[in-house]
Amino acid sequence: MSRTDRASRVIAAPPAAVYAALLDRESLEAWLPPDGMRGRVERWDPRPGGGFRMTLTYLDSTDSPGKTSEATDVVDVWFADLVPLQRVVQRVVFEADHPSYAGTMTMTWHLVAAGDRTEVTVTATDVPPGIDQADHEAGIASSLANLASYVEAAG
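Conventions and cut-offs
Residues numbered from 1 in each chain as written. Predicted model: local features only at pLDDT ≥ 70, side-chain atom pairs only at ≥ 80, totals over all residues. Heavy atoms only, no water. Salt bridge = Lys/Arg side-chain N within 4 Å of Asp/Glu carboxyl O. Buried < 20%, exposed > 50% of the residue type's maximum accessible area, 1.4 Å probe, protein only. Pairing = 2+ DSSP bridges. Helix = DSSP H or I, 4+ residues; strand = E, 2+ residues; numbered from the N terminus. Axes fitted to C-alpha atoms, helices over the stretch in contact; angles between N-to-C directions.

Once that is clear, we can look at the pattern of salt bridges. Evaluated as defined, the whole model comprises nine salt bridges. In this structure, the salt-bridge partner of Asp5 is Arg3, at a minimum N-O distance of 2.8 Å. The class of Asp5 is buried, set by a relative accessible area of 0%. For Lys67, the salt bridge goes to Asp73, with nearest N and O atoms at 3.0 Å.

Further remarks concern the sheet that holds strand β3 (residues 51-58). On the basis of which strands lie adjacent, the open sheet formed by seven strands has the order β1-β7-β6-β5-β4-β3-β2 and antiparallel pairing. What marks the edges here is a single partner per strand, and that holds for β1 (4-11) and β2 (37-45). The average undirected angle you get between the axes of adjacent strands in this sheet is 20 degrees. Pairing of strand β6 (residues 105-114) with strand β7 (residues 117-125), which is carried by nine bridges, proceeds in the antiparallel orientation. Bridge pairing in β7 links His110 to Thr121.

This is the structure in structure tokens:
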């Protein structure tokens, strides 16, 4: 049975600023890694059918062993759909030997204008069973908080 995880946040920035941060390599490296991680984009092609490869490194992997190595999660991401100012749909595959992380997860970043703010809802479908739901939703919420801080500081 497929699982869906989600989180949302209202960000004090217009959809154009939020959408730009979703499709800019340096921005993504700055805000996407959840608390306790840092990220490095190794490949970047921001167009439908393009994507990126990111290595997420745990700052302390004692209680959170990585999926790819003891301290890292490596993900290959393809942009399945890009609708300016409204939606970014990503197909995500973890580089991992363990079968509980296998498969392609879809992450949809949905943006809705709310005056001079943007409501951002992230929905992850077909989440691999090896990813704890509470941890995943907390990670998504952390990334959203980072995104808010990033675009609000730039505005």
